[in-house]
Amino acid sequence: MKISKRQLNELNSRFKDRHPEDVVLWTTQLERKAVVTTNFRPYEAAILHLVSQVRPAIPVLWCDTGYNTEHTYRHANEVHKLLNLNLYQYAPRQTVAWREVEMGIPGIDHPQHILFTEQVKLEPFRRAMAEHNPEIWFTNLRKGQTAHRDGLGIFSRSKDGILKVSPFFHWSDQDLDSYLSGYGLPNEARYWDPTKVLENRECGLHS
């Protein structure tokens, strides 16, 4: 979907103070092929609920690293059933057991960290996007998560030119706590990303 930097700026200015539902409703009117991605980390139930209420059959792409905690897998199963998600799960081509023998979980400064991230996160993500070939990508990016994300907005573009839409971009944790409570949605506090050392480090999908 072709959209200029000027158009992105105009959209971000127009929707900065609007409710996230207005963002999803407007985007839906474009009638373009869309997906929503998730990893079932904290507050993901909010974006999944918001988008699926407007577009019930939208493909939900879950790139599962294989290293999630038992609690996260239970949370994913609960949200999947609660929202009746059209869920597609993508896992690495290599098993965790194989990788444990080959490299384990390399630290951020280890030479194999780039390969590790490619295997458990980037390759499954590219495969998911290639199979669904969306023009619009709903995601739960928010301001304040990383320095890079602070420079984006509700609307941005991926490296491949896909229109990325982050309806909750300007919302705080407190705002999202109220959203989850208001709709009786569960949250996940035990999510763990094996490719990161710090919470505010980019994972590679959005950088």
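Rules behind the numbers
Residues numbered from 1 in each chain as written. Predicted model: local features only at pLDDT ≥ 70, side-chain atom pairs only at ≥ 80, totals over all residues. Heavy atoms only, no water. Helix = DSSP H or I, 4+ residues; strand = E, 2+ residues; numbered from the N terminus. Rg over C-alpha atoms; globule rule 2.2 N^0.38 Å. Buried < 20%, exposed > 50% of the residue type's maximum accessible area, 1.4 Å probe, protein only. Contact = heavy atoms within 4.5 Å. Phe/Tyr/Trp six-rings, centres within 6.5 Å; stacked < 30°, edge-to-face > 60°. pLDDT = per-residue confidence, 0-100. Pairing = 2+ DSSP bridges. Right-handed = clockwise from strand over helix to strand, strands pointing away. Core = buried A, V, L, I, M, F, W, Y, C linked by side-chain atoms within 4.5 Å. Axes fitted to C-alpha atoms, helices over the stretch in contact; angles between N-to-C directions.

Engineer: So what's going on with the overall build of the chain? Residues and values would help.
Structural biologist: Scanning the chain from N- to C-terminus turns up eight helices and six strands. On C-alpha atoms alone, the chain measures out to a radius of gyration of 17 Å, which is about the 17 Å that the 2.2 N^0.38 rule sets for 207 residues. Expressed as a percentage of its 207 residues, the buried residues of the chain come to 48%. The contacts in the chain between residues at least 6 apart in sequence include a share of 75% that link residues at least 24 apart.

Engineer: Report on the packing of aromatic side chains, specifying residues and quantitative values.
Structural biologist: Here a ring pair, both rings aromatic, is described through the centre-centre distance and the interplanar angle of the planes. What the rule picks out here adds up to 11 aromatic pairs. A ring pair is formed by phenylalanine 40 and tryptophan 62, whose centres lie 4.9 Å apart and whose planes are at 80°; its orientation type is edge-to-face. A residue pair is termed long-range when its members are at least 10 positions apart, and phenylalanine 40 in the loop between strand 1 (34–38) and helix 3 (44–54) and tryptophan 62 in strand 2 (residues 59–63) qualify at 22 residues. Consider the rings of phenylalanine 125 and tryptophan 137, whose centres lie 5.2 Å apart with planes at 45°: the pair is tilted.

Engineer: I'd like to hear about the confidence of the model for the chain, residue by residue, with values.
Structural biologist: Here the chain shows a mean pLDDT of 92. Residues at 70 or above account for 91%. Note on residues 199–203: pLDDT is under 50 here. Beyond four places in sequence and across chains, it has 20 contacts.

Engineer: Provide a residue-level description of the pairing of strand 1, including the pertinent values.
Structural biologist: Of all five residues in strand 1, five are buried, a share of seventy percent or more. Of the two faces of strand 1, both are covered, the one formed by Ala34, Val36 and Thr38 as well as the one formed by Val35 and Thr37. Across three bridges, the pairing between strand 1 and strand 4 (residues 136–138) is parallel. Bridge pairing links valine 35 to tryptophan 137 in strand 4. Where strand 1 lies against strand 2, three bridges are found, and the strand directions are parallel. Its bridge partner being in strand 2, threonine 37 is matched across the sheet by leucine 61. Remark: the strand 1/helix 3/strand 2 crossover connection has right-handed handedness.

Engineer: Just give me the short version of the nonpolar core, but keep the residues and values in it.
Structural biologist: Membership of the largest hydrophobic core comes to 36 residues, with the highest contact counts inside it found for Leu48, Phe138 and Phe155. Looking at this core, the element that brings in the most residues is helix 3, giving six residues. In terms of nonpolar packing, the next biggest core, distinct from the first, is built from nine residues, Leu61, Tyr90, Met129 and Trp137 among them.

Engineer: Help me get a handle on the sheet that holds strand 1, residues and values and all.
Structural biologist: With respect to topology, six strands assemble into an open sheet ordered 3-2-1-4-6-5, the strand pairing being mixed. Of all strands in the sheet, those bounded by a partner on one side alone are strand 3 (86–90) and strand 5 (155–157). Across this sheet, the average inter-strand angle for adjacent strands is 30°, counted without regard to direction. For strand 4 and strand 6 (residues 163–165), the ladder comprises three bridges, and the chain directions are parallel. For isoleucine 136, the partnering residue across the bridge sits in strand 6 and is leucine 163. Set on the sheet, helix 6 (residues 113–132) makes contact with strand 1, strand 2, strand 3 and strand 4; between it and strand 2 the angle comes to about 160°.

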